[in-house]
Amino acid sequence: EAGVAQSPRYKIIEKRQSVAFWCNPISGHATLYWYQQILGQGPKLLIQFQNNGVVDDSQLPKDRFSAERLKGVDSTLKIQPAKLEDSAVYLCASSLDGFANQPQHFGDGTRLSIL
Amino acid sequence: KNEVEQSPQNLTAQEGEFITINCSYSVGISALHWLQQHPGGGIVSLFMLSSGKKKHGRLIATINIQEKHSSLHITASHPRDSAVYICAVQYSGGGADGLTFGKGTHLIIQP
């Protein structure tokens, strides 16, 4: 079974620029999560999708962050404009069914550095 | 808001030692996860449990729902066990079940 795929692996941009990350979950997984992990901290949930609908985006800074999962499969997370404090690893995870306790499978993450 | 506290934050031990990492949380949950993160960012799910105890190889995870506490044990530790171990909790209210993470325990096993 192929795992959760994320790209790019690394990204370096200047503040105020825009950036986008891509995630392809495990085939058949209905639930997709984006997490932000700042250095030295545990990951923090940004947004949860169930198929193509948003279940929880309460911690997503909506003035600059956006995410979509239009066809209920792969997803993109965008930051526009980026700030220095957005430097972090952005992790995508998927699970079979978000309405029952299921293990979450994580991608390798995208490491974002803001100069 | 649920807080997840882990201890210790850092742990260095000798190969072969028995390792215990603790996790406590403040409100009721539906499940608790133990995850392993290696340098470079990849996270691997070790256990998901809602009661009792689970064992996989040299790893054992326990949870006490009444005390809101969980422990991860590693028996006969090995240098390849060196990683960050993260405790995370999950709710199942209305389908929103994103994990709330602790800050992690950085474990180093010296040969």
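All values reported here derive from a predicted model rather than from experimental measurement.

J.: What is the right way to look at the sheet that holds strand β8 (residues 69–74) of chain B in this model?
T.: Adjacent strands of a sheet pair through backbone hydrogen bonds, lying either parallel or antiparallel. All names here are of chain B. Pairing is antiparallel across the open sheet formed by 5 strands, whose spatial order is β1-β3-β8-β7-β6. Two strands in the sheet have a free side with no partner beyond their single neighbour: β1 (4–7) and β6 (52–56). Adjacent strand axes in the sheet meet at a mean angle of 15 degrees, parallel and antiparallel pairs treated alike.

J.: For this particular structure, what's the right way to read the side chain of Asp-86 of chain A?
T.: All names here are of chain A. Inspection of the secondary structure puts Asp-86 in the loop between β8 (75–79) and β9 (88–95). In this structure Asp-86 comes out as buried when scored by relative accessible area, which is 3%. One polar contact links the side chain of Asp-86 to the main-chain amide nitrogen of Lys-83, over a distance of 2.8 Å.

J.: I tried to follow the pairing of strand β4 (residues 31–37) of chain B on my own but got confused; where do I start?
T.: A regular strand carries its side chains on alternate faces of the sheet. Residues and elements named next belong to chain B. Of all 7 residues in β4, 7 are buried; the element is thus mostly enclosed. Burial along β4 is two-sided: Ala-31, His-33, Leu-35 and Gln-37 facing one way and Leu-32, Trp-34 and Gln-36 facing the other are all buried. Summarising the sheet, β4 and strand β9 (residues 83–90) pair through 7 bridges and their orientation is antiparallel. Across the sheet, Gln-37 pairs through a bridge with Val-84, a residue of β9.

J.: Explain the packing of aromatic side chains here, please?
T.: Both the distance between ring centres and the angle between the ring planes are used here to describe each pair of aromatic rings. For the structure shown, the criterion picks out 6 aromatic pairs over all chains. For the ring pair Tyr-33 of chain A and Tyr-35 of chain A, a centre distance of 6.0 Å and an interplane angle of 20 degrees mean the geometry is stacked. Owing to a relative accessible area of 0%, Tyr-33 of chain A belongs among the buried residues under this scheme. Among the residues examined, Tyr-35 of chain A registers a relative accessible area of 0% and is labelled buried. Between Phe-106 of chain A and Phe-101 of chain B, the aromatic rings sit 6.4 Å apart at their centres with planes inclined by 70 degrees, giving edge-to-face as the arrangement. With one member in each of two chains, Phe-106 of chain A in strand β10 (residues 105–106) and Phe-101 of chain B in strand β10 (residues 100–101) form a pair that bridges those chains. Residue Phe-106 of chain A shares its accessibility class with Phe-101 of chain B, and that shared class is buried. The structure contains a cluster of three or more aromatic residues connected by ring pairs, namely Tyr-33, Tyr-35 and Phe-106 of chain A together with Phe-101 of chain B.

Thresholds, definitions, all that
Residues numbered from 1 in each chain as written. Chains lettered and ligands numbered in written order. Predicted model: local features only at pLDDT ≥ 70, side-chain atom pairs only at ≥ 80, totals over all residues. Heavy atoms only, no water. Pairing = 2+ DSSP bridges. Helix = DSSP H or I, 4+ residues; strand = E, 2+ residues; numbered from the N terminus. Axes fitted to C-alpha atoms, helices over the stretch in contact; angles between N-to-C directions. Buried < 20%, exposed > 50% of the residue type's maximum accessible area, 1.4 Å probe, protein only. Polar contact = N/O pair within 3.5 Å; in protein donor to acceptor, adjacent residues only side chain to side chain. Phe/Tyr/Trp six-rings, centres within 6.5 Å; stacked < 30°, edge-to-face > 60°.

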